[in-house]
Each structure stands twice: as structure tokens, then as C-alpha cells.
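Residue-level structural notes
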Amino acid sequence: MTCLGCGTDREHHAMSCNKPIGRIVIEGEPYGKRAPQLGRRGKHVQIHPHKADKAYAKEIVKALEAGAWTAITDNRAPIWVEITARFQRGKSHFGVDGVTLNANGREWIEPTKKPDTDNISKIILDTFTHNGVWPDDSQVTRNVQEKVWGDHPAVLVEWGLR
């Protein structure tokens, strides 16, 4: 079988190719999957996904439509994913001139604010599964997530076969 990442025989490189076969950028502030909403209908309780989850899933689908990627059809292939959530820097990060970065503490080095990285990952992996990027997100055997500061908020997602 040929590797989708590098084009060589997958058995030859022991399924360790780290070349991405997909890369997308989801513009806007990073978003994490929320707890489902519960509703009552008589004696029955219904569970619905959060409305904001549906809206963000549409943004992910837009990014998938605009990005270059290859669907993974092998339902046993191990997959790696790297997610970088880039948050907009706050005004307090800058000096009086609005350009120079302050150096007053650790919170300026890496964002420790919500959403959690696992919730950012959950909504992306679920949306990928529902849109045919791969058969099942249980195939993801390596999932690297990080939160960073940047000038323009966005989420960069890269994935490939292991």
C-alpha cells in the first residue's frame, strides 16, 4: 500500500511517515466543544449538542472545503494530528505605544485561558469524522495540541498517517 504522505511503500517505512496529508486553518478565536444541552419533552429527557458547537462545526467544514487534504479510507490506519490554537493577544500584553510587548510574567508566554486543549481537539476530530476525513477518530494514535499567542486568532490543524 502506498503512503498518502510521502508516496513510498507504507510497509517500507514501517508506517512512520510524518508528512501531513491534510492541513487546514480555521479562522477566528479557538473554540472548544461544550457539554450537551438537556431538554424535557413530557417524561422524556432529550440530549442536544450545544448550538454554538453546530456553528463552529460549520466553520470547520468551510475550512475543510477550502483546504487541501486527502481522505483516509483505511479504517485501521493509525493517524497523527497536530492542533495549534492561536489566541489574540490582549491589550495588557502591550506597552503604552500599543506595539511593544510587555515582559511581566508567564501569562504572556503561553495562554492558559479557556477553552481547554482537549475540548478544542474534540470538536475538530468529531467534525472530521462526520465529514469523511477518516472513518473514525479512534484511529488517532498521536494528538499533539498547543495554545499560543498570535496577531490573528485561528486554529491550524495538520494530520497524516503514522
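Everything here concerns the structure above.
As a starting point, this report considers the structure included with it. On a predicted model such as this, the values are computed, not experimentally measured, just so you know. (Residues numbered from 1 in each chain as written. Predicted model: local features only at pLDDT ≥ 70, side-chain atom pairs only at ≥ 80, totals over all residues. Heavy atoms only, no water.)

With that out of the way, let us pick up the overall build of the protein. What the protein contains, in helices and strands, is two helices and seven strands. Counting over 162 residues, the protein shows a buried share of 34%. Put simply, of all contacts in the protein between residues at least 6 apart along the chain, 77% involve residues at least 24 apart. Of the accessible surface of the protein, which amounts to about 10,000 Å², a share of 52% is contributed by carbon and sulfur atoms. (Helix = DSSP H or I, 4+ residues; strand = E, 2+ residues; numbered from the N terminus. Buried < 20%, exposed > 50% of the residue type's maximum accessible area, 1.4 Å probe, protein only. Contact = heavy atoms within 4.5 Å. Areas by Shrake-Rupley, 256 points an atom, 1.4 Å probe, with all protein chains shown as cover.)

This next bit is on the sheet that holds strand E4 (residues 68-69). One open sheet accounts for five strands, arranged E4-E1-E7-E5-E6; its pairing is mixed. In this open sheet, the two edge strands, each paired with only one partner strand, are E4 and strand E6 (140-150). In the sheet, strand E1 (residues 22-27) pairs with strand E7 (residues 154-161) via six bridges, with the strands oriented antiparallel. In the sheet register, Arg-23 faces E7, and the bridge partner there is Glu-158. Along the sheet, helix H2 (residues 117-130) makes contact with E1, strand E5 (79-88), E6 and E7, crossing E6 at roughly 125°. (Pairing = 2+ DSSP bridges. Axes fitted to C-alpha atoms, helices over the stretch in contact; angles between N-to-C directions.)

So, on to H2. Its 14 residues place the ends of H2 20 Å apart at the C-alpha level, agreeing with the 20 Å of an ideal helix rising 1.5 Å per residue. Taken together, the buried positions of H2 are occupied by Asn-119, Ile-120, Ser-121, Ile-123, Ile-124, Leu-125, Thr-127 and Phe-128. Close packing links the buried residues of H2 with E1, helix H1 (51-66), E5, E6 and E7. Looking one or two places after H2, you find Gly-132, whose phi comes out positive at around 75°. (Expected span 1.5 Å × (residues − 1).)

In this chain, Lys-114 is followed by Pro-115 through a cis amide linkage whose omega measures 5°. Structurally, Pro-115 can be placed in the loop between E5 and H2.

Moving on: the pattern of salt bridges. Taken as a whole and assessed by the stated rule, the structure comprises six salt bridges. As a salt-bridge pair, Asp-116 and Lys-114 come within 3.7 Å of each other at their nearest N and O atoms. Under the relative-accessibility criterion, Asp-116 is labelled partly exposed at 32%. Classification of Lys-114 as exposed rests on a relative accessible area of 64%. (Salt bridge = Lys/Arg side-chain N within 4 Å of Asp/Glu carboxyl O.)

Right, let's talk about the nonpolar core for a bit. Ranked by internal contacts, the top residues of the largest apolar core, which has 28 residues, are Ile-26, Val-81, Ile-124, Phe-128, Trp-134, Val-157 and Trp-159. Counting only elements with at least two residues in this core, the list comes to E1, H1, E5, H2, E6 and E7. (Core = buried A, V, L, I, M, F, W, Y, C linked by side-chain atoms within 4.5 Å.)

A few words now on the environment of Val-133. Relative to the elements of secondary structure, Val-133 occurs in the loop between H2 and E6. For Val-133 and Gly-22, which are 111 residues apart along the polypeptide, the C-alpha to C-alpha distance reads 9.0 Å. The residues contacting Val-133, other than those within four sequence positions of it, are Leu-64, Trp-69, Thr-70, Ala-71, Ile-72, Phe-128 and Trp-159.

Residues Gly-22, Ile-24 and Ile-26 line the buried face of E1, whereas the alternating positions Arg-23, Val-25 and Glu-27 sit on a face that is not buried. As paired strands, E1 and E4 are joined by two bridges and run antiparallel to one another. Its bridge partner lying in E4, Arg-23 is registered against Ala-68.

Bringing a nonpolar patch on the surface into the picture now. Side chains of Leu-38, Val-45 and Ile-47 sit close together on the surface and give an oily, nonpolar patch of about 330 Å² of accessible area. With respect to the helices and strands, Val-45 occurs in strand E3 (residues 44-48). (Patch = residues over 30% accessible without salt bridge, like charges linked within 9 Å, V, L, I, M, F, W, Y side chains within 5 Å.)

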